[in-house]
Amino acid sequence: MLDVKRLRTDLAAVQAGLLRKGVDIDDLTRVVALDEQRRELGERLDEMRARIKDLSRQVGDLRRRGEPDEAEALMAESRRLGEAERDLSARADEVAGDLRDLLLGVPNEPADEAPEGAGESDNVITRVEGADRRWEEYQRVPHWEIGESLGLLDLERGAKLSGSMFVVYRGAGARLVRALCQLALDRNLDAFEEIRPPTLVRTETMISTGHLPKFADDAYHLERDDLWAVPTAEVPLTSMARDEILDEADLPVRLMAHTSCFRREAGSAGRDTRGLLRVHEFDKVEILAYTTPEQAAATHLDLVARAEACLVALGLTYRVVDICTGDLSFSARRCFDLEVYALLVRRLPGPSRQHSLSTR
RNA sequence: GGAGAGAUGCCAGAGCGGACGAAUGGGGCGGCCUCGAAAGCCGUUGUGGGUUUCGGCUCACCGUGGGUUCGAAUCCCACUCUCUCCGCCA
């Protein structure tokens, strides 16, 4: 959630930023108006409360001095003020609530460095890396076929246990998943504290990363306990510091975690759903850092470099895509997708696509 | 799931309706003493919001949310979390 203060002091800049993201900015003026209203109400409330406090103090004094009549008069006045305070306070709460609701719907501003663009087609392919770029030559068989034939993947059983878009890995496949996660963690042990967080979290925790209220349909929710299954370890890792004030000297704080990630993938039924391309539950290692605004860009690039190094270590061919402003997700300022090649359409030399590992 | 105890500042711990934003001790920071240190002594030490003629003024915060009251850390209700005991436990 954006700091309202920025809207107060730098409205034009925020507007310009959101415009670059292609976001409707009508709401912003309403946000500013609400903020102003909230502060104005707050001031009046503060004054009223100060007066009530003062009166109460005087009542105490008068009582002690044995002047109950005078005290009674002040009490009456204070009572009147108290009623007014209650009304005003209710209005202030209402305004503050509206303000928060609106603010939660305002996306993060894109970074200055993010390339301009309206949508996916404007993303910038920064570079293509990898030992062997003739990936199409030998990737003629899609992974779900290799996986099944080698006994690494059991999609049928996955569907039996949990439904479509759930996977059972078996034998060497299961080991591979484990090894991959371990590799990713071990490579970053030099700078990142390893965390094993819960994967079921409170609503507040989901809100802290901007996943709620906006993406409620995409997350699994356990009604009975009011808990959410995390769509990424980013959620618990970010909330580790929620409501805490970190000492700037400790920054950047670097954390990483391997978790299962759960996504309902609502609205994407039928798209890229073969094999492992889009599944409801998968393993992911997240690396994350809390930084000062000044450290952010450089630290982000370090995260990208680390993710890339992992792909290089695996001997994979990939390309780096600098996501343009129009395609940047809700909470993102800047985003590099690291896309690893995978054959999507069986036995068609034509428009194969890439699948991405992303870094925000 | 049942019964009980508790939650106060960086930590420990008092306060149980009126000068409490909070005693006291420890810790931290500054100073005195000292060749230096320890000990001792003196001082200082929360966060956030609003406003400001930048000296301040003011509000909120004692687990969270409500309520009672002229006035709440203190009383009432609900919830959360921690601890102890019992039960259950794939």
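Scroll up a little and you will see the structure.
Presented here is a report on the structure given in the accompanying data block. (Residues numbered from 1 in each chain as written. Chains lettered and ligands numbered in written order. Predicted model: local features only at pLDDT ≥ 70, side-chain atom pairs only at ≥ 80, totals over all residues. Heavy atoms only, no water.)

## Points about the protein's contact with RNA strand B
Around RNA strand B, the structure places 20 residues, and the nearest of them are Arg8, Asp46, Ser56, Arg64 and Ser78. Arginine 64 is positioned with one of its side-chain polar atoms (N or O) 2.7 Å from a sugar or linking oxygen of RNA strand B. At 3.2 Å, a side-chain N or O of arginine 86 approaches a phosphate oxygen of RNA strand B. Among the secondary structure elements, those contributing two or more residues to the surface near RNA strand B are helix 1 (4-20), helix 2 (26-65) and helix 3 (68-104). (Near = heavy atom within 4 Å. Polar contact = N/O pair within 3.5 Å; in protein donor to acceptor, adjacent residues only side chain to side chain. Helix = DSSP H or I, 4+ residues; strand = E, 2+ residues; numbered from the N terminus.)

## Digging into the sheet that holds strand 5 (residues 200-201)
The three strands lie next to each other as 5-7-6, forming an open sheet whose pairing is antiparallel. Every interior strand has two partners, whereas the edge strands, strand 5 and strand 6 (220-222), have only one. Where strand 5 lies against strand 7 (residues 227-229), two bridges are found, and the strand directions are antiparallel. Residue pairing for strand 7: leucine 200 is matched across the bridge by alanine 229. (Pairing = 2+ DSSP bridges.)

## What to know about helix 1
Since there are 3.6 residues in each turn of an α-helix, residues three or four apart along the chain are aligned in direction. Spanning 17 residues, helix 1 covers only 20 Å between terminal C-alpha atoms, well under the ideal 24 Å at 1.5 Å per step. Aspartate 10 marks the point of greatest bend in helix 1, at about 110°. Within helix 1, the full set of buried residues consists of Val4, Leu7, Val14, Gly17, Leu18 and Arg20. If you follow the buried residues of helix 1, they end up packed against helix 2 and helix 3. For helix 1, the N-terminal capping position is held by aspartate 3, with its side-chain oxygen 3.0 Å away from the main-chain nitrogen of lysine 5. After helix 1 finishes, the residue glycine 22 shows a positive phi value of roughly 75°. (Expected span 1.5 Å × (residues − 1). Bend = angle between axes of the 7 residues up to and from the residue. Buried < 20%, exposed > 50% of the residue type's maximum accessible area, 1.4 Å probe, protein only. Contact = heavy atoms within 4.5 Å.)

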